[in-house]
Amino acid sequence: MRRARAGWIAGAAAALLVAVGGITYAVAGDGGSDAAAPAADSADAGFARDMAVHHQQAVEMSYIVRDRTDDEEVRLLAYDIAQTQANQRGMLLGWLDLWGLPKVSAQPMAWMGMSGMASGEDGALMPGMATNTEMKRLGQLDGRQAEVFFLQLMTDHHQGGVHMAESCVDKCTVGAEKRLAQGMVDAQESEIRLMADLLKERGAKPRP
């Protein structure tokens, strides 16, 4: 069962990266050219900026837990999340560069009409993001404790990411970006279900 699930994780990640590659080539001809560049305050630009920040923390969390546990499934899941989200982050920042737009958001989530939803205290710039204190704690845990805390943090992180991606699907106008956002929704919802199973196997559950 564990071997089969590990294969599923790797296969799903590989399929997503192939799809991401296709989206990368499509964006220049699908609203990504200079002539069709979205505005700096658009949903397209806001999502690209905010999700790039959101993804960066997921990458950091994933590499932390890979060094804190020997569990094959958790390490593979963490590696796949890190690789997939680092790739997507590069795409988002690349689009902003292509569009000639700032890569830093003055008001995170303003494009969603949710400016100020997250206080930004202790490093949590957007809902779902871990605080600096939580990131430090993750780096101090080992074995099963690290696995459980990572799975709980990443479940919260994915839930926040899904909400943002769904908003892009609804509000963004660049077709390639909307397709990327829908891919994020599908992949992260699937990973949320997987992480619930992994938590259950460890006698734990997602945080309320």
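On a plain count of helices and strands, the protein comes out with six helices and zero strands. Its helices and strands in sequence order give the protein the pattern α-α-α-α-α-α, from N to C terminus. With 208 residues in all, the protein has 48% of them scored as buried. Of the contacts made within the protein by residues no fewer than 6 positions apart, 77% connect residues no fewer than 24 positions apart. A total of about 9,700 Å² of accessible surface is found on the protein, and carbon and sulfur atoms cover 53% of it.

Glancing now at helix α3 (residues 72–99). For α3, with 28 residues, the first-to-last C-alpha span of 41 Å sits near the 40 Å given by 1.5 Å per residue. Among the residues of α3, the N-terminal cap falls to Asp-71, whose side-chain oxygen and the backbone nitrogen of Glu-73 are separated by 3.2 Å. Positive phi shows up at Gly-100, right after α3, with a value of about 70 degrees.

This part covers the environment of Lys-205. Among the structural elements, Lys-205 can be located in the segment after α6 (175–201). Residue Lys-205 is classed as exposed on the basis of its relative accessible area of 64%. Spatially, the C-alpha atoms of Lys-205 and Val-148 are 8.4 Å apart, while their sequence positions differ by 57 residues. Excluding its chain neighbours within four sequence positions, the residues that come into contact with Lys-205 are Gln-152 and Leu-199.

Attention now goes to unusual backbone geometry. At Met-109, a position not held by glycine, the phi torsion is positive, near 70 degrees. With respect to the helices, strands and loops of the structure, Met-109 is situated in the loop between α3 and α4 (132–138). The class of Met-109 is buried, set by a relative accessible area of 2%.

Counted under the stated rule, the structure contains one disulfide. Disulfide partner of Cys-168: Cys-172, at an S-S distance of 2.3 Å. Sign of the S-S torsion, about -120 degrees for the bond between Cys-168 and Cys-172, identifies this disulfide as left-handed. Its relative accessible area of 4% is what places Cys-172 among the buried residues.

The subject of this paragraph is the nonpolar core. Membership of the largest hydrophobic core comes to 52 residues, with the highest contact counts inside it found for Phe-47, Met-61, Leu-92 and Phe-150. Contributions of two or more residues to this core are made by α2 (43–66), α3, α4, α5 (143–171) and α6. For this core, the element with the highest residue contribution is α5, accounting for eleven residues.

What follows is about the pattern of salt bridges. Opposite charge on two side chains makes pairing possible when the charged atoms of those side chains draw close. In the structure shown here, the tally under the stated rule is seven salt bridges. With a shortest N-O distance of 3.0 Å, Arg-207 and Glu-134 are connected by a salt bridge. In this pair, Arg-207 is assigned in the segment after α6 and Glu-134 in helix α4, connecting sequence segments 73 residues apart. With its nearest N and O atoms 2.7 Å apart, the salt bridge here joins Arg-202 to Glu-147. Taken as a pair, Arg-202 in the segment after α6 and Glu-147 in helix α5 lie far apart in primary sequence, 55 residues in all. You can call Arg-202 buried: its relative accessible area is 9%. Through salt bridges with shared partners, one network takes in Asp-71, Glu-147, Glu-201 and Arg-202.

Conventions adopted
- Residues numbered from 1 in each chain as written.
- Predicted model: local features only at pLDDT ≥ 70, side-chain atom pairs only at ≥ 80, totals over all residues.
- Heavy atoms only, no water.
- Helix = DSSP H or I, 4+ residues; strand = E, 2+ residues; numbered from the N terminus.
- Buried < 20%, exposed > 50% of the residue type's maximum accessible area, 1.4 Å probe, protein only.
- Contact = heavy atoms within 4.5 Å.
- Areas by Shrake-Rupley, 256 points an atom, 1.4 Å probe, with all protein chains shown as cover.
- Expected span 1.5 Å × (residues − 1).
- Polar contact = N/O pair within 3.5 Å; in protein donor to acceptor, adjacent residues only side chain to side chain.
- Disulfide = S-S within 2.5 Å.
- Core = buried A, V, L, I, M, F, W, Y, C linked by side-chain atoms within 4.5 Å.
- Salt bridge = Lys/Arg side-chain N within 4 Å of Asp/Glu carboxyl O.

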